[in-house]
2 protein chains.
Amino acid sequence: MSLDKLIEKIVETQNPTVAGLDPRFDYVPSYIKDRAFAAYPNRLQAAAAAVWEYNKGLIDALYDIVPAIKPQAAYYELYSFYGMETLYKTIAYAREKGMYVITDGKRNDIGPTMEAYAAAHLGMTDLGGEKVAAFDADALTVNGYLGSDGIHPLLKVCREYDRGIFVLVKTSNPSSGELQDRLIDGEPVYLQMGRMCENWGKDLPGKYGYSGVGAVVGATYAEELTSLRSQLVHTFFLVPGYGAQGGGAQDAAGAFDRNGLGAVVNSSRGIICAYKKEGCDEHDYAAAARREALRMKQDLLSCIPQIRLPE
Amino acid sequence: MSLDKLIEKIVETQNPTVAGLDPRFDYVPSYIKDRAFAAYPNRLQAAAAAVWEYNKGLIDALYDIVPAIKPQAAYYELYSFYGMETLYKTIAYAREKGMYVITDGKRNDIGPTMEAYAAAHLGMTDLGGEKVAAFDADALTVNGYLGSDGIHPLLKVCREYDRGIFVLVKTSNPSSGELQDRLIDGEPVYLQMGRMCENWGKDLPGKYGYSGVGAVVGATYAEELTSLRSQLVHTFFLVPGYGAQGGGAQDAAGAFDRNGLGAVVNSSRGIICAYKKEGCDEHDYAAAARREALRMKQDLLSCIPQIRLPE
């Protein structure tokens, strides 16, 4: 019904971090690519196989210290249906290892089409009565531009399969304000969208005060983040923009409540490409990712209250 | 650089229709499903194979009278990566038959991630210098909530590979007004989004007055459609909501200019499930789709000026 599983995993690992698995081709170590391209004549298939090996190494290095991964769908679609198989395998493997999986697809549509997205990513595909999981993530990012018709089908699936969603509210990019900061009745669009999240969330209450309808709010807008935290008290935040996009732990800190909960902060390149920044041997990429994840954890913990379940 | 190819195809077929290939499982005739489920032990693979056969039959029956298809990504993701292979094959087959293909994915993201979506669906995937097409459609529907950072990467790919995009402006669903009708500086959000399309389109001018940046505007809002047509003179419209969603040819007519151009009207269920409405033998599904497409063509042509390229 909610994001409770994510919250419990954050408390267990004492780490409010999600590792963004955005496997750009140039992030994958050459030795992995060479092996894959020698094994598969089809180039997209080879690339997808390389990404799968890369992801598996990252998950093995992170699963006991990072509560969640967030694969970005674009970087799997990039390798066509072969890439989508890698997405499928990545989700299954991470969940098997106990991680919480947020598919970052920013999906959006209406009625039966949104039902299809919900079934595909969070629920089950109904094959004439027989039900089979297609991608089976714990949560999905979605875009609310189409209004409630685009969200209600998700809420139904979240209730049935105990899953969650994160709706785009205030994104981390420089031009996010072109629409999101414009005023409607004196309030910015992103705040109106945030209020819709609070409202949709009433259908998916959680044990720890946060509903199953979370919001994406960028770390690059620290003031808005703090203000939204105080106004959207039942809405858990997924916070992109830490690290590579310029947001720091201090900027992200406003997203957290007095129990050190209320948000999970994403780092993609920072973690999965740590070996390039460190300048270590590329064979050491997974260990470098773990070192960076531990550094980021300490960075965040130094800026937020101690993480604990609410009394 | 634009949607010129679509316009030329509409003039050639004298038909401003796009057939929405939204293959819900219960749309696929039983004889096709039975055959596929006997051939493949994996259920999702069987379903995806059935959808592929169904789509192929539809394309064979429509390609000489309908200018374009619009596969809806959700109904392919529904069958996991097997479904995405069917999407890939469907796009390739329709283009081989001379049809224009609009992938309805409503994708949205920023910067490098949006570049990945653009490469995946419209351009080429760069595998360390070697370029391979991942899905290779002519156009993609996108959501502009994130602002220009989400659109510029698409414009670049559209320019390089001569492709187009359709941005959600005013969607056909009942709750579309929750955000889209709200006023910003006295103008509804959808009009602001429409103006952004006009502006983005300046980068992708076309031969016939329409840019490569189209807009999705529902047939269910006839008044808004007519008003938008007069205000967004360089923006071609993709019009959902005809038929099953309640919009008629008269409602859609406002989307067209005095040359009978300016819009393409989508019908999904109406065409691909015509055999059910007709009550004919399911083996006749493709012929029924053709009959309905011809009926819809006449319906639209009776309400709009004669279709011709502008002088």
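Residues numbered from 1 in each chain as written. Chains lettered and ligands numbered in written order. Predicted model: local features only at pLDDT ≥ 70, side-chain atom pairs only at ≥ 80, totals over all residues. Heavy atoms only, no water.

## Overview of the relation of the copies chain A and chain B
Placing chain A over chain B gives an RMSD of 0.0 Å and needs a rotation angle of 180 degrees, together with 0.0 Å of translation along the axis. Put plainly, the chains are arranged around a two-fold axis. Comparing contact sets, 100% of the residues at the interface of chain A also lie at the interface in chain B, consistent with an isologous, same-surface contact. (Least-squares fit on C-alpha atoms with pLDDT ≥ 70 in both. Contact = heavy atoms within 4.5 Å.)

## Examining the packing of helix 3 (residues 43-62) of chain B against helix 14 (residues 285-301) of chain B
Residue and element names in this part refer to chain B. In the contact formed by helix 3 and helix 14, the axes pass within 8 Å of each other and the chain directions differ by 45 degrees. Comparing their axes, helix 14 and helix 3 come out oblique. For helix 3 against helix 14, the interelement crossing comes out right-handed. For the pair helix 3 and helix 14, contact is made by E53, Y54, G57, L58, A61 and L62 and by Y285, A286, A289, R290 and A293, respectively. When its residues are assigned to classes, the contact of helix 3 with helix 14 shows 8 nonpolar, 1 polar and 2 charged. (Axes fitted to C-alpha atoms, helices over the stretch in contact; angles between N-to-C directions. Helix = DSSP H or I, 4+ residues; strand = E, 2+ residues; numbered from the N terminus. Parallel < 35°, antiparallel > 145°, perpendicular 65-115°, else oblique. Left-handed = near helix turned anticlockwise from the far one by under 90°. Nonpolar A, V, L, I, M, F, W, Y, C, P; charged D, E, K, R; others polar.)

## Regarding the environment of A215 of chain A
Residue and element names in this part refer to chain A. Here A215 shows up in strand 10 (residues 213-217). Its relative accessible area of 0% is what places A215 among the buried residues. Distance from A215 to M296, taken between C-alpha atoms, is 22 Å for residues 81 residues apart in sequence. Apart from the residues within four sequence positions on either side, A215 is in contact with F166, V167, V169, C197, T235, F236, F237 and L238. (Buried < 20%, exposed > 50% of the residue type's maximum accessible area, 1.4 Å probe, protein only.)

## Some thoughts on empty space enclosed by the protein
Residues and elements named next belong to chain B. Scanning the entire structure with this criterion turns up 1 cavity of 30 Å³ or more. If you go around the largest cavity, the residues you meet are S2, D4, K5, Y100, D138, D162 and R163. Of the residues assigned to the lining of the largest cavity, the class counts are 1 nonpolar, 1 polar and 5 charged. (1 Å grid on protein atoms, 1.4 Å probe; cavity = no way out; pocket = protein on both sides within 12 Å on 5 of 7 lines; lining within 4 Å. Points joined across faces, edges and corners; volume = space filled by probe spheres on them.)

## Quick notes on the pairing of strand 3 (residues 100-107) of chain A
All names here are of chain A. Counted residue by residue, strand 3 has 8 buried out of 8 residues, so it is predominantly covered. Burial along strand 3 is two-sided: the residues Y100, I102, D104 and K106 and V101, T103, G105 and R107 are all buried. One ladder, built from 2 bridges, connects strand 2 (residues 68-71) with strand 3; its direction is parallel. If you follow A68 over to strand 3, its bridge partner there is Y100. Relative to strand 6 (residues 139-142), strand 3 is paired through 3 bridges, and the arrangement is parallel. Across the sheet, T103 pairs through a bridge with L140, a residue of strand 6. (Pairing = 2+ DSSP bridges.)

These figures capture arrangement, not role.
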